[in-house]
Amino acid sequence: MEYTYRCWYHWLNHDEKRARQMGAMAIQAAENYKMPYFEALAHYHLGRFMSPDDPERATHLAHAHRLFEQIGAAYDAERVLKTLTLIASNTV
């Protein structure tokens, strides 16, 4: 979870390179420890901060949605779906 917070920190401080590194580390740590909720959360937060025209954005968000649905995290899955819908309508 720490890497996810560091990812946020770097995005908010306009350091995209470090933010992406921390996001990737958050995903890797969650995978290593078999923590699908935190893996999905890392994908979601990494994707939501990315530029709307970044092709990786939709990939991270779709992966987050799929993981949240697999583990039954309905609220989180819906939140990601709303973000994906906004991206599709070009309002984010």
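Everything that follows concerns the structure shown earlier in this document.
Since this is a predicted model, take the numbers as computed values, not measurements.

Trainee: Would you explain the side chain of Glu 39 in this entry?
Mentor: Tracing the chain through its elements places Glu 39 in helix H3 (residues 36-49). For the buried Glu 39, which has no salt bridge, the nearest side chain bearing the opposite charge is Arg 66, at an N-O separation of 8.0 Å. Apart from the residues lying within four places of it in its own chain, the contact partners of Glu 39 are Ile 27, Ala 30, Glu 31, His 63 and Leu 67.

Trainee: What exactly am I supposed to notice about helix H1 (residues 2-12) here?
Mentor: Because the α-helix completes a turn every 3.6 residues, residues three or four places apart line up on one side. Buried within H1 are the following residues: Thr 4, Cys 7, His 10 and Trp 11. Burial along H1 is one-sided: seen end-on, the buried residues are contained in an arc of 125°. Projecting away from the buried face of H1 at angles above 90 degrees are the exposed residues Tyr 9 and Leu 12. Against helix H2 (16-32) and H3 lie the buried residues of H1. Of the residues trailing H1, His 14 is marked for its positive phi of about 60°.

Trainee: Looking at this structure, I do not really get the pattern of salt bridges. What am I missing?
Mentor: Pairing between side chains of opposite charge can happen when their charged atoms approach one another. Scanning all chains against the criterion turns up five salt bridges. Of the charged contacts, one joins Arg 20 and Asp 54 as a salt bridge, the two residues approaching to 2.2 Å between their closest N and O atoms. One end of the pair, Arg 20, is in helix H2; the other, Asp 54, is in the loop between H3 and helix H4 (55-71), and 34 residues separate them in sequence. Its relative accessible area of 15% is what places Asp 54 among the buried residues. The closest approach of N and O atoms between Asp 76 and Arg 79, which form a salt bridge, is 2.9 Å. One end of the pair is Asp 76 and the other is Arg 79, both in helix H5 (residues 74-88) and three residues apart, which spans about a single turn. For Arg 79, a relative accessible area of 26% corresponds to the partly exposed category. In the salt-bridge network here, residues are joined through shared partners; they are Glu 16, Arg 20, Asp 54 and Glu 56.

What counts and how
Residues numbered from 1 in each chain as written. Predicted model: local features only at pLDDT ≥ 70, side-chain atom pairs only at ≥ 80, totals over all residues. Heavy atoms only, no water. Helix = DSSP H or I, 4+ residues; strand = E, 2+ residues; numbered from the N terminus. Buried < 20%, exposed > 50% of the residue type's maximum accessible area, 1.4 Å probe, protein only. Lys, Arg positive; Asp, Glu negative; His and termini not counted. Salt bridge = Lys/Arg side-chain N within 4 Å of Asp/Glu carboxyl O. Contact = heavy atoms within 4.5 Å. Arc of directions from axis to C-beta.

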